[in-house]
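Close look at the chain arrangement
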Amino acid sequence: SQTIHQWPATLVQPVGSPLSLECTVEGTSNPNLYWYRQAAGRGLQLLFYSVGIGQISSEVPQNLSASRPQDRQFILSSKKLLLSDSGFYLCAWSGAAGYNSPLHFGNGTRLTVT
Amino acid sequence: GDSVTQMEGPVTLSEEAFLTINCTYTATGYPSLFWYVQYPGEGLQLLLKATKADDKGSNKGFEATYRKETTSFHLEKGSVQVSDSAVYFCALDRGSTLGRLYFGRGTQLTVWP
C-alpha cells in the first residue's frame, strides 16, 4: 500500500533562518507531488506541484521554493523565513493519471516563525 | 476562474443531529467534486467524491450529490457523532491531467455529546 511521510511534525524557527521540509512517498511510482499551505482561519493554498523529477511549478509568488531530487521525494525550502511563512504545510501525492485521482495527504508540519 | 465556496463555520451540533454543510462551485467544463476531512493535528483524508452530474458520493454515513443545475455539492449526515468533529473541505478537480484540486476554506464541525 502507498504511504506518505512528512517531517518534522512541528517546527519553530526565527525570522531570517532557513527552512527545509521533506516529504517522501512509498509504494507508488511517478506520482504527482504537491505542497499546500493552510494559514490560520483560511483554506488550503497550493504552493507547488511536480509531475516528475526536477519539474516544479509554482502557483503563487512567494518566499519559498521546492525541489524534487528523486521520484518520490519532495522538499520545501526557504533561504530566509518571514513571519508570514507561519502555517500548516501539507505534502500530498496523486496518481500520475491525474484526473479523478484523489489527493493523499501527509500529516502536515506546523511551522511557527518567531 | 475555478473556485469553491463553503458555508462558514464553526458548526456546533449535538450528537445524533442532522448535518448539512453547503458547498457551491464555479468551474468551466465538467469538474469532479470531493469532500475531504481533517481531524485535529492530521492531514486531510478523502471522505467521498462524485465525478459527474447526479452522482452521489457516500462514505461513513456522509452523502453528497453532484447538482450541476445548482452547481452544488452539499455534505449531509443524518445522525452525527462526537467522532465526526473535524474540519471539512469541499474541493473540485477541473479535469486536467494534473489532478489539481481547488479547495474551499473549510468548515469546522464540533459535535457535543
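Reference entry: report on the structure contained in this document. Since this is a predicted model, take the numbers as computed values, not measurements.

1. Things to note about the overall build of chain B
- Counting secondary structure elements, chain B contains 0 helices and 12 strands.
- Put simply, chain B runs from its N terminus to its C terminus through helices and strands in the order β-β-β-β-β-β-β-β-β-β-β-β.
- In summary, chain B has a C-alpha radius of gyration of 14 Å against a globular reference of 13 Å for 113 residues, a match within 12%.
- Projected onto its principal axes, the C-alpha coordinates of chain B cover approximately 45 × 30 × 20 Å.
- Per-residue burial over chain B gives 47% buried out of 113 residues.
- In chain B, the proportion of contacts linking residues at least 24 apart, taken out of those at least 6 apart, comes to 54%.
- Only carbon and sulfur atoms are counted for the fraction: they give 49% of the accessible area of chain B, which is about 5300 Å².
- In chain B, the 10 positive side-chain charges and the 12 negative ones have mean positions that sit 7 Å from each other.

2. Observations regarding the packing of aromatic side chains
- Taken as a whole and judged by the stated rule, the model has 11 aromatic pairs over all chains.
- Considering the side-chain rings of Phe 105 of chain A and Phe 103 of chain B, the 6.1 Å spacing of their centres and the 70° angle between planes classify their relative orientation as edge-to-face. With Phe 105 of chain A in strand β10 (residues 104-105) and Phe 103 of chain B in strand β11 (residues 101-103), the pair connects residues from two separate chains.
- Relative accessible area serves as the criterion here: at 11%, Phe 103 of chain B is assigned to the buried category.
- An aromatic cluster is defined as three or more aromatic residues linked by ring pairs; in this entry it consists of Tyr 34, Tyr 36 and Phe 105 of chain A together with Phe 34, Tyr 36, Phe 89 and Phe 103 of chain B.

3. Concerning the sheet that holds strand β8 (residues 62-65) of chain B
Residue and element names in this part refer to chain B.
- Ordered in space as β3-β9-β8-β7, the 4 strands form an open sheet in which the pairing is antiparallel. With one partner strand each, in any of the chains shown, β3 (19-21) and β7 (56-59) form the two edges of the open sheet. Mean inter-strand twist for the sheet, computed between neighbouring axes without regard to direction, equals 15°.
- In this structure, β7 lies alongside β8, joined through 4 bridges in antiparallel fashion.

4. Re the side chain of Gln 38 of chain B
- Within the fold, Gln 38 of chain B resides in strand β5 (residues 32-38).
- From its side chain, Gln 38 of chain B meets the backbone oxygen of Glu 42 of chain B in a polar contact 3.0 Å long.

5. Topic: the pattern of salt bridges
- Applying the stated rule across the entire model yields 5 salt bridges over all chains.
- Ionic pairing is found between Glu 63 of chain B and Lys 56 of chain B, a salt bridge with its closest N-O pair at 3.7 Å.

6. A short note on the layout of surface pockets
- Here the largest pocket is characterised by a volume of approximately 460 Å³.
- In terms of lining, the largest pocket is formed by 28 residues, of which the most central are Gln 38 and Arg 42 of chain A together with Val 87, Phe 89 and Arg 105 of chain B.
- Computed from the structure, the second largest pocket encloses a volume of approximately 370 Å³.
- Lining the second largest pocket we find 20 residues, and of these Arg 42, Gly 43, Leu 44, Gln 45 and Leu 46 of chain A sit closest to its centre.
- Secondary structure elements with two or more residues in the lining of the second largest pocket: β4 (32-38) and β5 (44-52) of chain A together with β1 (3-6) and β11 of chain B.
- Of the residues belonging to the lining of the second largest pocket, the class tally is 9 nonpolar, 5 polar and 6 charged.

7. Side note on the nonpolar core
- Of all hydrophobic cores here, the largest spans 27 residues; its most connected members are Leu 19, Trp 35, Leu 47, Leu 48, Phe 73, Leu 75 and Tyr 88 of chain B.
- Elements with a contribution of two residues or more to this core: β2 (11-14), β3, β4 (23-26), β5, β6 (44-50), β8, β10 (86-93) and β12 (107-112) of chain B.
- Once you skip the residues sitting within four places of it in the chain, Phe 73 of chain B turns out to touch Cys 23, Leu 33, Phe 34, Trp 35, Leu 48, Lys 49, Ala 50, Ala 64, Thr 65, Tyr 66 and Cys 90 of chain B.
- Listed in part, the 19 residues of the second largest apolar core include Leu 33, Phe 48, Leu 76 and Val 113 of chain A.

Quick notes on the rules
Residues numbered from 1 in each chain as written. Chains lettered and ligands numbered in written order. Predicted model: local features only at pLDDT ≥ 70, side-chain atom pairs only at ≥ 80, totals over all residues. Heavy atoms only, no water. Helix = DSSP H or I, 4+ residues; strand = E, 2+ residues; numbered from the N terminus. Rg over C-alpha atoms; globule rule 2.2 N^0.38 Å. Buried < 20%, exposed > 50% of the residue type's maximum accessible area, 1.4 Å probe, protein only. Contact = heavy atoms within 4.5 Å. Areas by Shrake-Rupley, 256 points an atom, 1.4 Å probe, with all protein chains shown as cover. Lys, Arg positive; Asp, Glu negative; His and termini not counted. Charge placed at Lys NZ, Arg CZ, Asp CG, Glu CD. Phe/Tyr/Trp six-rings, centres within 6.5 Å; stacked < 30°, edge-to-face > 60°. Pairing = 2+ DSSP bridges. Axes fitted to C-alpha atoms, helices over the stretch in contact; angles between N-to-C directions. Polar contact = N/O pair within 3.5 Å; in protein donor to acceptor, adjacent residues only side chain to side chain. Salt bridge = Lys/Arg side-chain N within 4 Å of Asp/Glu carboxyl O. 1 Å grid on protein atoms, 1.4 Å probe; cavity = no way out; pocket = protein on both sides within 12 Å on 5 of 7 lines; lining within 4 Å. Points joined across faces, edges and corners; volume = space filled by probe spheres on them. Nonpolar A, V, L, I, M, F, W, Y, C, P; charged D, E, K, R; others polar. Core = buried A, V, L, I, M, F, W, Y, C linked by side-chain atoms within 4.5 Å.

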